[in-house]
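Here is what each chain is made of, one letter per residue.
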Amino acid sequence: MIKVLSSQRSWLANVRDHVARPWWGMFLLAFTMISLKTPLQLCAQDYDHFRPLECVGDIPEELRIAASKKYAQELAALGDSAKGREGRARDNFLLQSNFVLDDMLLSGRVLFGDPVSEYITRVKNFILRDQPELQREIRIYLVKSPVVNAFATNSGILLVNMGLIAHLKTEAELAFVLCHEIQHYIHKHPINNYVNAENLKSNAKLLGLNTSDDYVAERNRYSRTLELDADASGFDLYSKSGYALSAAEGVFELLAYAEQPFDQMAWDASTWEWEYLRFPARFSTWPIEPIAIDEGDDDTLSTHPNIAKRRAVIANRIANATEDNGAVFMIGVDLFLDARKRCRFELCDLLLSNHCYEEAIYNCHLLQAEEPESHYLKKVTAQALYGLSTYKNARRFSEAHLDADDHQGELQQLIYFIEMGDGEFLNVVAVHEAWKTYLADTTDHELQAVAAALLEQLFQKHRSTTEWLAHEKPAAMPPRIDSLLETKMRWIQSRGDTTAVEVVEESENEEDDEGKEKDSDVENNFLEWALTDLFADDRFADAWAAQIDIAAQIDDETYHSAHQLREMTRRERLRGIHLGIDKIVLVQPIYKSVDRRDEIPVQYIASEASLETYKEILAEMATRNDVKYEFLENRNLEVGDVGQFNDVSTMLLWFGDHLNGSDDKIHLVNFRQDEANAIIERFGTKYFAWNALIQVTDRMDSWTRMSWLAVGCGIFPLLPLAIYKIAKPLKTTLLVTLVFDLERSEAIWEDYRILKANDQPAAVRSIMYDKFSQIH
């Protein structure tokens, strides 16, 4: 692994709210996060209306066969080395790694056959041009992740994140990263690292590892040794490839700045200003903290050596080289730049999905230097502002907002700017950007939904604001605002409202909008003309008038707000529902059996076998309730079923985005609606469901065990019952069903059932019959 940087944010919190024990939700969260051929050429990409990459060509065999089969093949290859304690450790590693990797490959975030994957493959093949057998063994997959990382598996699969490609400066840097990962595979570092960790665990006392910190430190020391070995042997391979030796050092520069945006460019508030909207000086006059990198940080508890140590190893080898006549590009500059640009555009979507809204805005800002008129970049900016506004208005801003003190460089200025605005400010700016971008291209239905949601939000959260925003442009351009207090007084005096002066004086001491009150009409008066250009368009004026009509109906008992509708749905769920669905698509059902008493809790082989039984029950109960169904899976596909593979990927990402952006207080518009609409048309229904069955076997907790023992000892006739209770394993089964209306981009039913027993087919059939009865 070249480097691991985690920037993922938790989601699916609503699942945890519906289960009896906290670890249920955490397990389902962890699992769901996991279960998430043409010649290479410079394919034209429309960066004005950018479309994310998808898989192309034949589905590789390793994505079409069961993980249990791949595990059996690798286990057979071990032969006699699978015996003894070390052999069991290798067996355990192969079991877990094959199933976890399989979940990753089928998660919807892994690509094959696309232009970027094919380009990386060509670089790999060039490096290994004299080793055809190794060339075939190493397979490349591109991963939809913004993290700067690459990872080698024991089976020869190399996973390369889009974040890494986006940050590269030259093809030679990519070549060195690949050489590093290839060495991990050649020397079997993944499995050796696991076996070493298991040996340390078994012999901890003998080795003097008396605390968990001692164990972690020793385990990671070995891991760091493997990384330095991969750097050194990787450089040996790299030096024979023909790439410039000195270019390899650029990788460590890349790693040092991995947590920064791929470039630095000044950002200022004028980005969203226009003739009749000027921001106060307080929004833009903030000091920027220079980027400071400590390459020699303490790596005692890290799996990787610090950058200074790694850089020293390579610098020493470069210094000892007799000559350095290599090139930084071998496959081609244009192909490299195309691959990098695609990944940089992909980062916009990935950052949005992770709710890294300010980083998404800044990423768009960097890309607009090359594509200033890109509708896609303006759209992502509007979507990110929508996300920030939604969280701000829900008083949960900290969940989506970065802390300026934790960041450096030009991004910090943008964070300060967002931080200075209250909910009203963000909502108005977001409305302006979303509607301005949508009106420039009214065929964009995804952005139309965002623009409509922002306008509804403005009326729901800032009703008084809408009363002074709706008017024509002033006769003359308003003066630039340099002093907030001066502008407040000028605004008040222009209306002849002398009583309002008291409000100004009081507002200086009022608290911010994070759970407190203030007179935002006065505070944000510079927004007075912010939307006047939009009112010149009848479509915006009509949408505004419609919101006024809705506001007038709020007290009408026939009108229901979005929140009221969700509450009605919740109450219906408690007493049973009648969805009236005749056809539904069952997307990638999941079955997991977990025994927490075992060394490897997940029963991988049993889960794979039981999944087919679970699917048979789903099909049977749907048929008995006259519900037409289709399974949409990427398991066991034919070689040419790449269209279905992509459909599953789209749906898994759609589900993930929806669950990550929705709960009882927040409901975000799904940004993948166009892709979802295409799938609706293909299947002839807008209803899609995700089903999961999780069975967990556990031992009784120590407190309950001691209580039963005390009862048995205190009341002797109850001792046999106490022993039985203590010895009997606890079995719990969770059955989850989520039904989505893709057309309306919402979950219309969430059903969670918990059985205090194992997954007896009769009980599962009964529950699923009831579920499909309510669905129909």
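Whatever comes next refers back to the structure up there.
In what follows, the accompanying structure is described. What you see is a predicted model, and the numbers here were worked out from it, not measured in a lab. Per chain, residues are indexed from 1 in the order of the written sequence. Restriction of local features to residues with pLDDT of at least 70 applies here, the model being predicted, together with a cutoff of 80 or more for giving and counting side-chain atom pairs; totals for whole chains, interfaces and linings are based on all residues. Excluding hydrogens and water, the side-chain figures rest on all heavy atoms present in the structure.

## Points about a negative patch on the surface
A surface patch of negative charge is lined by Glu289, Asp403, Asp405, Asp406 and Glu419. Mapped onto the secondary structure, Asp403 falls in the loop between α15 (375–393) and α16 (411–420). Each residue gets one of three labels from its accessible area relative to the maximum for its type: buried under 20%, exposed over 50%, partly exposed in between, using a 1.4 Å probe on protein chains only. Under the relative-accessibility criterion, Asp403 is labelled partly exposed at 39%. Patch criteria: residues need more than 30% relative accessible area and no salt bridge. Like-charged residues are merged within 9 Å; nonpolar side chains of Val, Leu, Ile, Met, Phe, Trp and Tyr are merged within 5 Å. Each accessible area value is a Shrake-Rupley result obtained with a 1.4 Å probe; residue values ignore everything except the protein chains displayed when judging cover. A side-chain nitrogen of Lys or Arg and a carboxyl oxygen of Asp or Glu constitute a salt bridge if their distance falls within 4 Å. Under the convention used here, Asp and Glu are negative, Lys and Arg are positive, and both His and the chain ends fall outside the count. The location of each charge is read from NZ of Lys, CZ of Arg, CG of Asp or CD of Glu. Here a helix means four or more residues in a row that DSSP labels H or I, a strand means two or more in a row labelled E, and each is numbered from the N terminus.

## Considering the pattern of salt bridges
Under the definition given, this model contains 39 salt bridges. A salt bridge links Asp741 to Arg744; the nearest nitrogen and oxygen atoms lie 3.6 Å apart. The exposure class assigned to Asp741 is buried, which follows from its relative accessible area of 0%. What you see here is one network of salt bridges that share partners, running through Lys686, Asp741, Glu743, Arg744 and Glu746.

## Describing empty space enclosed by the protein
Estimates place the volume of the largest cavity at around 140 Å³. Considering the residues around the largest cavity, the lining is formed by 13 residues, among which Leu352, His355, Asp657, Val669 and Phe671 are closest to the centre. Those elements that provide at least two residues to the lining of the largest cavity are α13 (333–353) and α26 (642–660). Here the lining of the largest cavity gets three residues from one element, more than from any other, and that element is α13. Of the residues belonging to the lining of the largest cavity, the class tally is five nonpolar, five polar and three charged. Cavities and pockets are defined on a 1 Å grid built over the protein atoms alone: a cavity is a set of grid points where a 1.4 Å probe fits but cannot escape, while a pocket is an open set with protein on both sides within 12 Å along at least five of seven lines, and lining residues are those with an atom within 4 Å of any such point. Grid points are joined across faces, edges and corners, and a volume is the space filled by probe spheres set on the points. Note on residue classes: Ala, Val, Leu, Ile, Met, Phe, Trp, Tyr, Cys and Pro are nonpolar, Asp, Glu, Lys and Arg are charged, and everything else, Gly too, is polar.

## What about the packing of aromatic side chains?
Centre distance within 6.5 Å is the pairing criterion for rings of Phe, Tyr and Trp, where only the six-membered ring of Trp is used; planes under 30 degrees apart are then read as stacked, over 60 as edge-to-face, and the remainder as tilted. Taken as a whole and assessed by the stated rule, the structure comprises 37 aromatic pairs. A centroid spacing of 5.5 Å and a plane angle of 90° characterise the contact between Trp654 and Phe740, whose relative ring orientation is edge-to-face. Of the two residues, Trp654 sits in helix α26 while Phe740 sits in strand β9 (residues 730–741), which places them 86 residues apart along the sequence. Judged by its relative accessible area of 0%, Trp654 is buried. One aromatic cluster in this structure is built from Phe126, Phe176, Phe235, Tyr238, Tyr243 and Phe252. Counting as a charge over the ring demands two things of the Lys NZ or Arg CZ atom: a distance within 6 Å of the ring centre and an angle within 35 degrees of the ring normal. The ring of Tyr47 has Lys341 lying over it, and the distance from NZ or CZ to the ring centre is 4.2 Å. The residue whose ring lies beneath Lys392 is Phe397, and the NZ or CZ to ring-centre distance is 4.2 Å.

## Points about the nonpolar core
Core analysis: the biggest nonpolar cluster contains 146 residues, and Ile120, Tyr238, Trp272, Phe279, Trp435 and Phe540 have the highest contact counts within it. The term nonpolar core refers to a set of buried residues drawn from Ala, Val, Leu, Ile, Met, Phe, Trp, Tyr and Cys, joined through side-chain atoms within 4.5 Å. Ile191, Val585, Val602 and Trp690 belong to the second largest nonpolar core, which has 38 residues in total.

## Some points on the packing of α15 against helix α17 (residues 423–440)
With their axes 8 Å apart at the nearest point, α15 and α17 run at an angle of 155° to one another. By the criterion of interaxial angle, the relationship of α15 to α17 is roughly antiparallel. As for the relative orientation of α15 and α17, their crossing is left-handed in sense. Residues His375, Lys378, Lys379, Ala382, Leu385, Tyr386, Leu388, Ser389, Lys392 and Asn393 of α15 pack against Gly423, Leu426, Asn427, Val429, Ala430, Glu433, Ala434 and Thr437 of α17. Partitioned by chemical class, the residues of the contact of α15 with α17 number eight nonpolar, six polar and four charged. In this analysis, axes come from line fits to C-alpha atoms, helices being fitted only over the stretch in contact, and the angle between any two N-to-C directions falls in the range 0 to 180 degrees. We call two directions roughly parallel when the angle between them is under 35 degrees, roughly antiparallel when it is over 145, roughly perpendicular when it lies between 65 and 115, and oblique otherwise. Should the near helix be turned counterclockwise from the far one by less than a right angle, the crossing is left-handed, whereas a clockwise turn marks it as right-handed. In what follows, a contact means two residues having at least one pair of non-hydrogen atoms within 4.5 Å.

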